Amino acid sequence: MNRLMLIAASILAVPTFSVQGQAADKASTASAGKHVYDHWCAPCHAAGGAHHPGTGALAFKYKGENIPAALEQRTDLTPDVIKTFVRNGVSVMPMFRKTEISDAQLDALAAYLSHQPVKSPATTRKAKRPPA
Ligand code: HEC
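Residues numbered from 1 in each chain as written. Predicted model: local features only at pLDDT ≥ 70, side-chain atom pairs only at ≥ 80, totals over all residues.

Chemist: Which residues make up the overall build of the protein chain, and what are the values?
Modeler: If you tally the helices and strands in the protein chain, you get six helices and zero strands. Reading the helices (α) and strands (β) of the protein chain from amino to carboxyl end gives α-α-α-α-α-α. Within the span of the protein chain, comprising 132 residues, buried residues form 19% of the whole. Pairs at least 24 residues apart make up 50% of the contacts formed inside the protein chain by residues separated by at least 6 positions. (Helix = DSSP H or I, 4+ residues; strand = E, 2+ residues; numbered from the N terminus. Buried ≥ 20, exposed ≤ 12 C-beta atoms within 10 Å, placed from the backbone. Contact = placed C-beta atoms within 7 Å.)

Set out below in structure tokens:
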């Protein structure tokens, strides 16, 4: 009987834990995005062009324009643009698979680099582009 109550109690406890987990996920999205950036992107895109091929290439691409070469300093990147480059790659930048950067991690990364709040995955999937 005691064992049965323990099992029942642990089953009842599960929803409580997962709700707390979701709240914690949202609170840590910015740092999750920064974490993904530091791991996968910073080696090529950190400030200081000489040692970072992404920063060097973008400094060349935007020479004379008022666009910073380091991704973290940009304010013109939208989540869609970031996701497109990450999933497709460009030039020497590789594409990143979902096994490397999951959709949830990409959401957090795109929110971090675009300085926009992350949309919940459900919202992101249902979102439609405005008519052109
Ligand atoms: C192996 C180095 C490398 C890695 C790793 C890398 N990139 Fe890049 N990335 C580049 C290069 C080089 C370019 C510029 C290509 C060109 O000349 O247009 C670039 C371009 C971009 C652009 C286009 C910017 C623009 O204005 O044209 C975005 C956005 C971008 N990278 C995001 C990322 C993100 C986010 C990550 C991490 C998930 C990442 N990159 C990882 C090398 C890299």
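Next comes the rest of the description.
Chemist: Explain the nonpolar core to me, using residue names and the numbers behind them.
Modeler: Of all hydrophobic cores here, the largest spans 15 residues; its most connected members are Ile101, Ala108, Leu109 and Leu113. Of all the secondary structure elements, the ones that give two or more residues to this core are α2 (29-45), α4 (79-88) and α5 (103-114). Excluding anything up to four places from it in sequence, leucine 109 contacts Gly33, Val36, Tyr37, Ile82 and Ile101. (Core = buried A, V, L, I, M, F, W, Y, C linked by C-beta atoms within 7 Å.)

Chemist: Summarise the site of the ligand; cite the residues concerned and give the values.
Modeler: Among the 22 residues in the neighbourhood of the ligand, the closest are listed as Cys41, Cys44, Gly54, Ala57 and Met93. Secondary-structure elements contributing two or more residues to the shell around the ligand are α2, α3 (53-61) and α4. Partitioned by chemical class, the residues of the shell around the ligand number 18 nonpolar, three polar and one charged. (Near = placed C-beta within 6 Å. Nonpolar A, V, L, I, M, F, W, Y, C, P; charged D, E, K, R; others polar.)

Chemist: Before we move on, can you summarise the packing of α2 against α5 with the specific residues and values?
Modeler: The N-to-C vectors of α2 and α5 enclose an angle of 95°; their axes lie 7 Å apart at closest approach. In terms of their interaxial angle, α2 and α5 are classed as roughly perpendicular. The residues of α5 that touch α2, namely those facing Thr29, Ala30, Ala32, Gly33, Lys34, Val36 and Tyr37, are Gln105, Ala108, Leu109, Ala111, Tyr112 and Leu113. Class assignment of the residues belonging to the contact of α2 with α5 gives a composition of nine nonpolar, three polar and one charged. (Axes fitted to C-alpha atoms, helices over the stretch in contact; angles between N-to-C directions. Parallel < 35°, antiparallel > 145°, perpendicular 65-115°, else oblique.)

Chemist: Just give me the short version of the packing of α4 against α5, but keep the residues and values in it.
Modeler: Relative orientation of the contacting elements α4 and α5 amounts to 125°, with a least axis distance of 9 Å. As judged from the angle between their axes, α4 and α5 are oblique. Viewed along their axes, α4 and α5 form a crossing whose handedness is right-handed. When α4 is examined against α5, the residues Pro79, Ile82, Lys83 and Val86 are found in contact with a partner set consisting of Leu106, Leu109, Ala110, Ala111, Leu113 and Ser114. The residue inventory of the contact of α4 with α5, partitioned by class, reads eight nonpolar, one polar and one charged. (Left-handed = near helix turned anticlockwise from the far one by under 90°.)

Chemist: Which residues make up unusual backbone geometry, and what values go with them?
Modeler: For residues other than glycine, phi is negative in most cases, and the peptide bonds are mostly trans. Positive phi outside glycine occurs at serine 91, with the angle close to 50°. The backbone phi angle of histidine 115 is positive, close to 60°, even though this residue is not glycine. Within the secondary structure layout, histidine 115 lies in the loop between α5 and α6 (121-126). Since 11 C-beta atoms lie within 10 Å of it, histidine 115 is described here as exposed.

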